[in-house]
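Listed here are the chains, written in short residue letters.
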Amino acid sequence: MPALTQGLSAAQRGLLGVLWGILPQARLVGGVVRDLLAGRRVADIDMAIPLPPEQVMASLRAAGVVAVPTGLSHGTVTAVVEGQPCEITTLRRDVQTDGRHAVVVWTDDWQQDAARRDFTINALFLDQAGRLYDWFGGQEDLRAGCVRFVGDAQSRIEEDSLRILRFFRFQARYGTGEPTSDTLAVIAQRANLLAGLSVERVWSELRQILALPQVMPVMRLMAQAGVLAVILPEGVALERLAALESCQPPADVLLRLAALTKAPAALATRLKLSRAETARLRCIARAGAPDGPLARLKDDDTAPDILRNLLVDAPPDCLMAGLWLCQAQNPAAAQVFVALRQRLSALDVPVFPLAGRDALALGVAPGPAVGKVILQVKQWWRQGGCTASAQTCRAELARILGM
């Protein structure tokens, strides 16, 4: 096994040992080679092979390896060895593209397959003897921190406009310094093509960009190239995101998105965020609103009671994110919001201790009256800072009922 693969985990090396034993002509490709060369942790193993996918599946299954036809139309089979997956894709060349989808045919020409890839640092192959195949200068670009399209940037973008967003993601992870002005100019000229992509693909890439450790440099580049205006037509507040990042919050995708967008609800609908993502984005935006209860909160003796009340209606992580937004929008009060986050982290989520059965047990007839009287007790409980015990709440219920 190549010395370079010592950077893989033991399980990943075991996976490769099995697969190269069955398919010796396969080569590692793309991200795994790039990250091994860069000395980074490898998340996924991908291989390429000059055999049709049906033959790959047959060879794997004959050797007792699970083979899943995850993308036969694009030549991809997923092999699974002791829980470790590896995508094995037949060498391809494009015969037709429309900016979103490609019609491909199989080939046995490795360089032809490399030529259809997006960036030079992703067009790298490594065989089991340790030979590196690099037709477009990817290894040199990786060392130089240069993210460069394979061949002509305009052609690569017109083949698949999602490559614009991928460019910024890879620039943030592997680039050093500014991209070339020629590359940014081509991206700016073709940014409108992003409007033709499915919102699911756009959100998938945007989510990964927003998860990066340092997000502002790439966001400014995306704004400069006109990309943000296309993918976030609801409007962006770039300086609000910059202010948030200056507070050094955790790299929270939805917190960053709440800071960036001017219309979280509309954006969530258009990008088809999941139900959970939509709820959390809207909750963070409400919690961090400049005129919201968190923004008006002081670090005094009333703070715990107010925070407990807010915890009744919103998850702790949303309130914590809201406090980061408040700090970004009011840096003069930064110490207040730091202290409030500490207070919030020390609080348990309060749970109202009564239910309808408590009213029934005291003789309230089933029906609307049960909910009404329980709500009265809950309001009293909240006014007291959400700390009254079940016994004390039952006593208040009895008092309201005149008992």
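Located above this text is the structure these notes cover.
Presented here is a report on the structure given in the accompanying data block.

Cut-offs and rules
Residues numbered from 1 in each chain as written. Predicted model: local features only at pLDDT ≥ 70, side-chain atom pairs only at ≥ 80, totals over all residues. Heavy atoms only, no water. Helix = DSSP H or I, 4+ residues; strand = E, 2+ residues; numbered from the N terminus. Buried < 20%, exposed > 50% of the residue type's maximum accessible area, 1.4 Å probe, protein only. Core = buried A, V, L, I, M, F, W, Y, C linked by side-chain atoms within 4.5 Å. Contact = heavy atoms within 4.5 Å. Pairing = 2+ DSSP bridges. Axes fitted to C-alpha atoms, helices over the stretch in contact; angles between N-to-C directions. Parallel < 35°, antiparallel > 145°, perpendicular 65-115°, else oblique. Nonpolar A, V, L, I, M, F, W, Y, C, P; charged D, E, K, R; others polar. 1 Å grid on protein atoms, 1.4 Å probe; cavity = no way out; pocket = protein on both sides within 12 Å on 5 of 7 lines; lining within 4 Å. Points joined across faces, edges and corners; volume = space filled by probe spheres on them. Salt bridge = Lys/Arg side-chain N within 4 Å of Asp/Glu carboxyl O. Expected span 1.5 Å × (residues − 1). Arc of directions from axis to C-beta.

## A look at unusual backbone geometry
So, step 1. Here Gln 248, not a glycine, exhibits a phi torsion of approximately 60°, which is positive.
So, step 2. As for its position among the elements, Gln 248 is in the loop between helix 12 (238–246) and helix 13 (253–260).
So, step 3. Non-glycine residue Lys 272 carries a positive phi angle of around 55°.
So, step 4. Inspection of the secondary structure puts Lys 272 in the loop between helix 14 (264–270) and helix 15 (275–287).
So, step 5. The class for Lys 272 is exposed, based on a relative accessible area of 55%.

## Quick notes on the nonpolar core
So, step 1. Formed by 77 residues in total, the largest nonpolar core has its most connected members in Phe 168, Trp 203, Met 219, Met 222, Val 227, Ile 231 and Leu 294.
So, step 2. Ranked by the residues each element gives to this core, the list is headed by helix 18 (residues 316–329), at eight residues.
So, step 3. Contacts of Val 227, omitting those with residues within four sequence positions, involve Ile 164, Leu 165, Phe 168, Ile 187, Ala 191, Leu 194 and Met 222.
So, step 4. With 28 residues, the next largest nonpolar core counts Leu 16, Leu 23, Val 32 and Leu 124 among its residues.

## Quick look at the pairing of strand 3 (residues 66–71)
So, step 1. Inspection of the sheet shows strand 3 paired to strand 4 (residues 76–81) by four bridges, in the antiparallel sense. Opposite Val 66, over in strand 4, you have Val 80 as the bridge partner.
So, step 2. As consecutive antiparallel partners, strand 3 and strand 4 are separated by four residues, and within that stretch Gly 75 has a phi angle of approximately 85°, a positive value.

## Observations concerning the packing of helix 18 against helix 19 (residues 334–345)
So, step 1. Where helix 18 meets helix 19, the closest approach of the two axes is 9 Å, and the angle between their N-to-C directions is 170°. Here helix 18 lies roughly antiparallel to helix 19, going by the angle between them. The residues of helix 19 that touch helix 18, namely those facing Pro 316, Leu 319, Met 320, Leu 323, Trp 324, Cys 326 and Gln 327, are Ala 334, Phe 337, Val 338, Leu 340, Arg 341, Leu 344 and Ser 345.
So, step 2. Considering only residue class, the contact of helix 18 with helix 19 consists of 11 nonpolar, two polar and one charged.

## Overview of the layout of surface pockets
So, step 1. For the largest pocket, the calculated volume is near 1400 Å³.
So, step 2. For the largest pocket, the lining is made up of 40 residues, of which Asp 46, Glu 87, Arg 117, Asp 118 and Arg 166 are closest to its centre.
So, step 3. Breaking the lining of the largest pocket down by element, the ones donating at least two residues are helix 2 (31–38), strand 2 (45–49), strand 3, strand 5 (84–90), strand 6 (92–97), helix 7 (163–174) and helix 9 (199–210).
So, step 4. Element by element, the count of residues in the lining of the largest pocket is highest for helix 7, at five residues.
So, step 5. Of the residues contributing to the lining of the largest pocket, the split by class is eight nonpolar, 12 polar and 20 charged.
So, step 6. Quantified by volume, the second largest pocket comes out at close to 180 Å³.
So, step 7. Cys 283, Arg 286, Ala 287, Pro 293, Leu 294, Leu 310, Asp 313, Ala 314 and Leu 319 are the residues that line the second largest pocket.
So, step 8. Here the lining of the second largest pocket gets three residues from one element, more than from any other, and that element is helix 15.

## A closer look at the pattern of salt bridges
Where charged atoms from two side chains of opposite charge come close, those side chains can pair.
So, step 1. On inspection of all chains with the given rule, the structure shows 22 salt bridges.
So, step 2. A salt bridge links Asp 252 to Arg 280, with the nearest nitrogen and oxygen atoms 2.7 Å apart. With Asp 252 in the loop between helix 12 and helix 13 and Arg 280 in helix 15, the pair connects residues that are 28 residues apart, well separated along the chain.
So, step 3. On the accessibility criterion, Asp 252 (17% relative accessible area) is buried.
So, step 4. A salt bridge links Asp 358 to Arg 394, with the nearest nitrogen and oxygen atoms 3.1 Å apart. Taken together, the residues span a long stretch of sequence, with Asp 358 in helix 20 (residues 356–361) and Arg 394 in helix 22 (residues 390–400) at a distance of 36 residues.
So, step 5. Looking at Arg 394, the relative accessible area reads 41%, which means it is partly exposed.

## Focus on the environment of Leu 221
So, step 1. Structurally, Leu 221 is set in helix 10 (residues 216–224).
So, step 2. As a C-alpha pair, Leu 221 and Gly 384 span 163 residues in sequence and 50 Å in three-dimensional space.
So, step 3. Setting aside chain neighbours within four positions, we find Leu 221 in contact with Phe 168, Gln 171, Glu 178, Pro 179 and Leu 184.

## Some details on helix 1 (residues 10–22)
So, step 1. Helix length check: helix 1, at 13 residues, gives a terminal C-alpha distance of 19 Å against a target of 18 Å (1.5 Å per residue), a fit within 8%.
So, step 2. Of the positions making up helix 1, those classed as buried are Gln 12, Leu 15, Leu 16, Leu 19 and Trp 20. The arc that holds the buried residues of helix 1, viewed along the axis, is 120°, so those residues lie on one side. Pointing more than 90 degrees away from the buried face of helix 1 are the exposed residues Ala 10 and Gly 21.
So, step 3. Lining the buried residues of helix 1 we find strand 1 (27–29), strand 2, helix 3 (53–62), strand 4, strand 5 and strand 8 (125–126).

That's the geometry; what it means functionally is another story.
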